[in-house]
Amino acid sequence: MRFLHTMVRVHDLDASLAFWCKGLGLIETRRMESEKGRFTLIYLAAPLDEDHARSFSAPELELTYNWPDADGKIETYAGGRNFGHVAYEVDDIYAACQHLSDQGVVINRPPRDGHMAFVRSPDGISVELLQRNGSLEPAEPWASMANTGSW
């Protein structure tokens, strides 16, 4: 058995791609559009997984965008929190959080411990960021920052 991908449904493809690619730095590895099924699938990989994902279609994050129906209505999704979360290892958790914050992303659980933080995608998917190789020394403004919302 091997891990292939995690799928999350998205409402706004542009906002989602801005979050996952511009914000978190994931790379689009492939895309599929189905006129008959009325959906778009976009597969993303972390930079260190890109070559493997392109060769083996894994490990990836699949963004599923269901097109509006004939009346222009978009299906409503709820319960991003009950999905759990996806986790990514980062080189510098403080720099990653600052970059996301600069993009307008709320840091729901700041990296007070220099090791772990949580943010949410535009569709409410909880994303855990973990510091590669242990923890950084606690640093401000993160060390004294309170949680915001749920994560």
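Residues numbered from 1 in each chain as written. Predicted model: local features only at pLDDT ≥ 70, side-chain atom pairs only at ≥ 80, totals over all residues. Heavy atoms only, no water.

Peer 1: Lay out the overall build of the chain in plain terms, naming residues and giving numbers.
Peer 2: Along the backbone of the chain there are four helices and eight strands. Listing every helix and strand of the chain by position from the N terminus yields β-α-β-β-α-β-α-β-α-β-β-β. For 151 residues, the compact-globule formula gives about 15 Å, and the C-alpha radius of gyration of the chain, at 16 Å, lands near that figure. By principal-axis analysis of the C-alpha atoms, the chain measures approximately 50 × 35 × 25 Å. Across the 151 residues of the chain, 40% fall into the buried class. Here the contacts in the chain between residues at least 6 apart in sequence split such that 62% fall between residues at least 24 apart. Accessible surface, the chain: about 8400 Å² in total, of which carbon and sulfur atoms supply 52%. Across the chain, 14 positive and 22 negative side-chain charges occur, with their mean positions spaced 5 Å apart. (Helix = DSSP H or I, 4+ residues; strand = E, 2+ residues; numbered from the N terminus. Rg over C-alpha atoms; globule rule 2.2 N^0.38 Å. Buried < 20%, exposed > 50% of the residue type's maximum accessible area, 1.4 Å probe, protein only. Contact = heavy atoms within 4.5 Å. Areas by Shrake-Rupley, 256 points an atom, 1.4 Å probe, with all protein chains shown as cover. Lys, Arg positive; Asp, Glu negative; His and termini not counted. Charge placed at Lys NZ, Arg CZ, Asp CG, Glu CD.)

Peer 1: Would you mind going over the pattern of salt bridges in detail, with residue names and values included?
Peer 2: Here the structure, examined in full by the defined rule, presents six salt bridges. Close ionic contact of Glu89 with Arg132 constitutes a salt bridge, the shortest N to O distance being 3.1 Å. Taken together, the positions of Glu89 in strand β5 (residues 85-90) and Arg132 in the segment after β8 (126-131) put the pair 43 residues apart, joining distant regions of the chain. Across the pair Arg132 and Asp91 runs a salt bridge, and its minimum N-O distance is 2.8 Å. (Salt bridge = Lys/Arg side-chain N within 4 Å of Asp/Glu carboxyl O.)

Peer 1: Quick rundown of helix α1 (residues 13-23)? Include the residues and the values.
Peer 2: Since the α-helix packs 3.6 residues into each turn, any two residues three or four apart lie on the same face. Buried within α1 are the following residues: Leu13, Ser16, Leu17, Phe19, Trp20 and Gly23. Immediately beyond the C-terminal end of α1, within one or two residues, lies Gly25, with a positive phi of roughly 85°.

Peer 1: Describe the sheet that holds β8, naming the residues involved and giving the relevant values.
Peer 2: Within a sheet, neighbouring strands are paired by backbone hydrogen bonds and run either parallel or antiparallel to one another. In spatial order, the strands read β5-β8-β7-β6; together these four strands make up an open sheet with mixed pairing. The open sheet has two edge strands, β5 and β6 (107-109), and neither has a second partner. Neighbour-to-neighbour, the strand axes of the sheet open up by a mean angle of 35°, direction not taken into account. Here β6 runs beside strand β7 (residues 116-120); their pairing, made up of two bridges, is antiparallel. (Pairing = 2+ DSSP bridges. Axes fitted to C-alpha atoms, helices over the stretch in contact; angles between N-to-C directions.)

None of this, on its own, says anything about what the molecule does.
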